[in-house]
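Summary of structural features
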Amino acid sequence: MTTPKRIVIKIGSSLLADEDRLVPRYAFMHGLMSDIAALRDEGHDVVLTSSGAVALGLNAIGKPPKRANVLDKQAAAACGQPLLLNAYKQVALEYGFDIAQVLVTLDDMEQRKRYLNTKNTIIRLFDRDVMPIVNENDTVATEELKVGDNDRLAAKVAQMIQADHFIILTSVDGLYDRNPSEAGAQLVEQVDDVSTYLEVTNSVSELGSGGMLTKMKAANMAQNAGCTTIIGRGTIDRPVLGLLSNERPHTTCVAQRSPKSAFEVWLTDRLQVAGSLIISPEGVSTIDKSGKGLEAHHISSLHGDFQKGDVVHLFDQDGKEVARGLTNFSADEIMVLARDNDRKVVNLMGERGGLEVVGSENLVLLEDHHLVWDVPDDEVKDIA
Ligand code: GLU
């Protein structure tokens, strides 16, 4: 790499914590920090997304990993996170640089204002040459409000800082075309369309919380944000440089395109789906051909208990997703608007600044394959 790049590196718990004794694996940390120091010396900005808080905190809670419940894990994260960051700090200082802790929750990734605040903090740390280390704030995140796995969290960070490279270090060499334990399984060196591998990865289990399926989904998110993902084994010697210089086998998920804007990336690739709207053929042609916003009379049914300002997915009558956008009205308000059986209420709502449900400025037509993450399990409500 010659020109300065932005690089996000994701490290899984099994690389950082000794599986039996649940203590930091300093030898791995040294190899990692030595590679990062070399990248920083070449002028690249590096962010680390690191797991390990829960694993390193379990001794203090007195529970082995298999017997720990959610509360134990949240308490373990509170014990393990300072241990993890302290270990990183000491090793990083030996290699001549400083680190900072950035703890986030799902809302920090999904809500625009908090997303931008987090981004600005990371950029400010880059300006001061301090390397941010991001993890989920497991102690405060409840199950339904969790990002859940650090593969997706790291992909969000890559999207947020418009990274050029996203490196996922794990316990295998990369993606295989079938279960790696089967005879004849081949490493896939290059992936263009992640969606073609989802079925294979679904059945493949691998150490770590995410597995290969979430790594593929994370790579898809990065691809859509113009970032290339490398998935490879985290060894002690040259864990990162060995992959970047092609010394070791790995899988590369190639960036698909340069996104039009950072806002478009944030809007289209998200962790959770707030809700969906099923729209008429006339609605599809209005937003597609005429470039206008979506109005209530174009909506035939909706899904999810979403609120004003949430991102909704727009589907045509055949179930094909055509666009994503920020809604100006909640699900309940859309039911009133679309049924149009109380003019007085509708007029009052219109006074809030028009009756467009999704304005054209807040709407992105989908050209690429964007995977959907967590869909709400509410029932579909028909308007008519
Ligand atoms: N945030 C968790 C931890 O620090 C890890 C989640 C994951 O590995 O995906 O232990």
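Before any of the text, the structure's been laid out above.
Figured I'd write up the structure that's included with this text. (Residues numbered from 1 in each chain as written. Predicted model: local features only at pLDDT ≥ 70, side-chain atom pairs only at ≥ 80, totals over all residues. Heavy atoms only, no water.)

1. A closer look at the environment of L326
Checked against the element boundaries, L326 lands in strand β13 (residues 321-326). On the basis of relative accessibility, which here comes to 15%, the residue L326 falls in the buried class. C-alpha separation for the pair L326 and G309, spaced 17 residues apart in sequence, amounts to 5.5 Å. (Helix = DSSP H or I, 4+ residues; strand = E, 2+ residues; numbered from the N terminus. Buried < 20%, exposed > 50% of the residue type's maximum accessible area, 1.4 Å probe, protein only.)

2. What to know about the nonpolar core
Counting residues in hydrophobic clusters, the biggest one holds 45 residues, and the most contacted among them are V8, V47, I122, V134, I161, F166 and M216. Among all residues touching I122, those that are not within four sequence positions of it are V47, P132, V134, V157, M160 and I161. (Core = buried A, V, L, I, M, F, W, Y, C linked by side-chain atoms within 4.5 Å. Contact = heavy atoms within 4.5 Å.)

3. Some remarks on the sheet that holds strand β12 (residues 311-315)
Taking strand neighbours across the sheet as the criterion, the six strands line up as β15-β13-β12-β9-β11-β16 in an open arrangement whose pairing is mixed. Each edge of the sheet is formed by a strand with only one pairing partner; in this case those strands are β15 (363-365) and β16 (380-382). Looking at each pair of strands side by side, their axes are set apart by 25° on average, direction ignored. One ladder, built from five bridges, connects β12 with β13; its direction is antiparallel. When the bridges of β13 are listed, V312 appears paired with G325. Relative to strand β9 (residues 275-279), helix α12 (residues 281-288) is tilted by about 105°, and along the sheet it contacts β9, β12, β13 and β15. (Pairing = 2+ DSSP bridges. Axes fitted to C-alpha atoms, helices over the stretch in contact; angles between N-to-C directions.)

4. Considerations on the pairing of strand β11 (residues 299-303)
The element β11 is extensively covered by neighbouring structure, given that four of its five residues are classed as buried. Of the strand pairs in this sheet, β9 and β11 are connected by four bridges, and their pairing is antiparallel. Pairing of I279 across the sheet is with I299, part of β11. Across three bridges, β11 lies against β16 in antiparallel orientation. The residue of β16 that forms the bridge with H303 is V380.

5. As for the packing of helix α7 (residues 150-160) against helix α9 (residues 211-224)
Taken N-terminus to C-terminus, the directions of α7 and α9 make an angle of 10°; their axes are 8 Å apart at the nearest point. Here α7 is positioned roughly parallel relative to α9, judged by the angle of their axes. When α7 is examined against α9, the residues D151, R152, A155, K156 and Q159 are found in contact with a partner set consisting of G211, T214, K215, A218 and M221. Across the contact of α7 with α9, the residue classes break down as three nonpolar, three polar and four charged. (Parallel < 35°, antiparallel > 145°, perpendicular 65-115°, else oblique. Nonpolar A, V, L, I, M, F, W, Y, C, P; charged D, E, K, R; others polar.)

6. Focus: the packing of helix α2 (residues 26-41) against helix α4 (residues 70-94)
Where α2 meets α4, the axes come as close as 10 Å, and the angle between the chain directions of the two elements is 50°. Regarding the angle of α2 to α4, the classification is oblique. Crossing of α2 over α4 shows right-handed handedness. In this structure, α2 contributes Y26, M29, H30, L32 and M33 to the contact, and α4 contributes L84, A87, Y88, V91, A92 and E94. When the residues that make up the contact of α2 with α4 are grouped by side-chain class, the tally is nine nonpolar, one polar and one charged. (Left-handed = near helix turned anticlockwise from the far one by under 90°.)

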